[in-house]
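# Secondary and tertiary structure notes
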Amino acid sequence: EKGGYKHFMHKEIHEQPRAIADTLRGRMLLTEGDVHFETWNLTQEQVQTFTKVTILACGTSWHSGVAGKHMIESLARLPVEVELASEFRYRDPIVEKSHLVIAISQSGETADTLAAFKEAKRLGAHTMAICNVIGSAMTREANLHVLTNAGPEIGVASTKAFTTQLVTLYLLAVKLGRMRGTLSVEGAQEHLTHLTQVPKMIEDVLKCEPQVKRVAREFMNAQDFLFLGRGPMHPVALEGALKLKEISYIHAEGYAGGEMKHGPIALIDEKMPVVVIAPKQPHIAYEKIIGNIEEVRARGGKVIAILDEDDNQADTLADHVIRIPAACALLAPVVATIPLQLLAYHVAEMRGNDVDQPRNLAKSVTVE
Ligand code: M6R
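The sections below set out a description of the structure shown in this document. Just so you know, these numbers come straight off a predicted model, no measurement behind them.

## A few points about unusual backbone geometry
- Positive phi outside glycine occurs at Tyr249, with the angle close to 65 degrees.
- As for its placement among the helices and strands, Tyr249 is situated in the loop between α12 (234-248) and β9 (251-256).
- In this model, Asn360 sits at a positive phi of 70 degrees, which is unusual for a non-glycine residue.
- Topologically, Asn360 is positioned in the segment after α14 (332-350).
- Take Asn360: its relative accessible area is 79%, and that puts it in the exposed class.

If you want it as structure tokens, here you go:
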């Protein structure tokens, strides 16, 4: 059932080209420059009255929400707040009828997300669930649900659920942008064309595995890791760090590049590997992230840089370079996540850990 792989997680990482193709199937209307969700029930009028989007999620799904904020704000020009579902109910949240509240959850059963979602619904928001499990509690609770279609995810560490959430959020941003009139037909066609290329891009980026394995071998005994990214790469840094701590038990932190000088820079010495996610994209502040690489190097830190395949500006600065195919800014998170999943997997596997069932963790956290 693991299809020749030693662990479900490894199989699920490699399933991503197919999983993403399944997420996209039947939903991209290229000629019309529109998106079709089977379950969609919002009218243009409703969509135009939305004043805000609130995303509720936990863990990896929260990271996809942070990336989704960039997508929705950029294409639909709606302000998006991304909330940790576990915090939401315990303050007095501002929820109005004109708000669209989106729960993101692989399982659709996470107790904190479900409770926050119910509370938002009670307060009068319009609710949408983005889930991977048909018929799950959140899909039943929601006014509208959209499935990610990743197929069953068995490994406790979420991989294909995350990347399919990102793609679903991208489709949603295009849909909302069209309905709100902030995105033209041609604009939407361009975004959808980028999306059609993603499954092939993931296939290509998976070829970096031997290189990632070498990095994993060199740093498998590190005590700490730092992950840096800016703009849409910030949630990727957070996700890379979460993946590593979950299954390898190495302490790791994800930071927005600009925040490094406000604290974590004090940690950097020659024992500290720093993964810098730096594809060359406008909203990723490329020059600034290269500055971060220089700052790390100046303090003896070891830099593992995730760079576009044709980037020959930064490659001499890093100790290790992992190449990824160039994608547009909003899709780069999908592509850049793959080497980080592989890094966490190989470090954990080399350390002899139980990759699919890491200690203390459950696949679905059904307690608040
Ligand atoms: O099923 P959900 O997406 O609601 O789960 C949320 C988190 O528990 C989950 O993403 C967790 O952080 C994963 N173990 C991450 O790999």
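Structure shown, so let's carry the discussion forward.
## What about the sheet that holds strand β7 (residues 144-147)?
- Strands sit in the order β4-β3-β5-β6-β7 across an open sheet of 5 strands; the sheet is parallel. Looking at which strands have only one partner, the edges of the open sheet turn out to be β4 (80-84) and β7. Each strand of the sheet is rotated relative to its neighbour by a mean of 20 degrees, with strand direction disregarded.
- Pairing of strand β5 (residues 99-105) with strand β6 (residues 126-131) involves 6 bridges; the strand directions are parallel. Of the residues in β6, the one forming a bridge with Ile104 is Ile130.
- Contacts from helix α4 (residues 59-76) reach β3 (52-57), β4 and β5 within the one sheet, and its direction differs from that of β4 by about 175 degrees.

## Focus: the site of the ligand
- The environment of the ligand is made up of 13 residues, and the closest members are Ser61, Ser105, Gln106, Thr110 and Glu246.
- A distance of 2.6 Å separates an oxygen atom of the ligand from a polar atom in the side chain of Ser61.
- Ser107 has a polar side-chain atom sitting 2.7 Å from an oxygen atom of the ligand.
- When each cavity is represented as a set of grid points, the ligand is found to reside in the largest pocket.

## Points about the packing of aromatic side chains
- Throughout the structure, instances matching the rule amount to 3 aromatic pairs.
- Here Phe219 and Phe225 contribute two aromatic rings whose centre-to-centre distance is 6.3 Å and whose plane-to-plane angle is 80 degrees, an arrangement assigned as edge-to-face.
- The class for Phe219 is buried, based on a relative accessible area of 8%.
- Classification of Phe225 as buried rests on a relative accessible area of 1%.
- Aromatic ring contacts, followed pair by pair, group Phe219, Phe225 and Phe227 into a single cluster.

## Focus on the packing of α4 against helix α8 (residues 160-180)
- Running from amino to carboxyl end, α4 crosses α8 at an angle of 25 degrees, the nearest separation of the two axes being 9 Å. Looking at the two axes, α4 sits roughly parallel to α8. The handedness of the crossing between α4 and α8 comes out as right-handed. Contact residues: Thr60, Ser61, His63, Ser64, Gly65, Ala67, Gly68, Met71, Ile72, Leu75 and Ala76 in α4; Phe162, Gln165, Leu166, Leu169, Tyr170, Leu172, Ala173, Val174, Leu176, Gly177 and Arg180 in α8.
- Among the residues forming the contact of α4 with α8, the class breakdown is 13 nonpolar, 8 polar and 1 charged.

Quick notes on the rules
- Residues numbered from 1 in each chain as written.
- Predicted model: local features only at pLDDT ≥ 70, side-chain atom pairs only at ≥ 80, totals over all residues.
- Heavy atoms only, no water.
- Helix = DSSP H or I, 4+ residues; strand = E, 2+ residues; numbered from the N terminus.
- Buried < 20%, exposed > 50% of the residue type's maximum accessible area, 1.4 Å probe, protein only.
- Pairing = 2+ DSSP bridges.
- Axes fitted to C-alpha atoms, helices over the stretch in contact; angles between N-to-C directions.
- Contact = heavy atoms within 4.5 Å.
- Near = heavy atom within 4 Å.
- Polar contact = N/O pair within 3.5 Å; in protein donor to acceptor, adjacent residues only side chain to side chain.
- 1 Å grid on protein atoms, 1.4 Å probe; cavity = no way out; pocket = protein on both sides within 12 Å on 5 of 7 lines; lining within 4 Å.
- Sits in = over half its atoms within 2 Å of the grid points.
- Phe/Tyr/Trp six-rings, centres within 6.5 Å; stacked < 30°, edge-to-face > 60°.
- Parallel < 35°, antiparallel > 145°, perpendicular 65-115°, else oblique.
- Left-handed = near helix turned anticlockwise from the far one by under 90°.
- Nonpolar A, V, L, I, M, F, W, Y, C, P; charged D, E, K, R; others polar.

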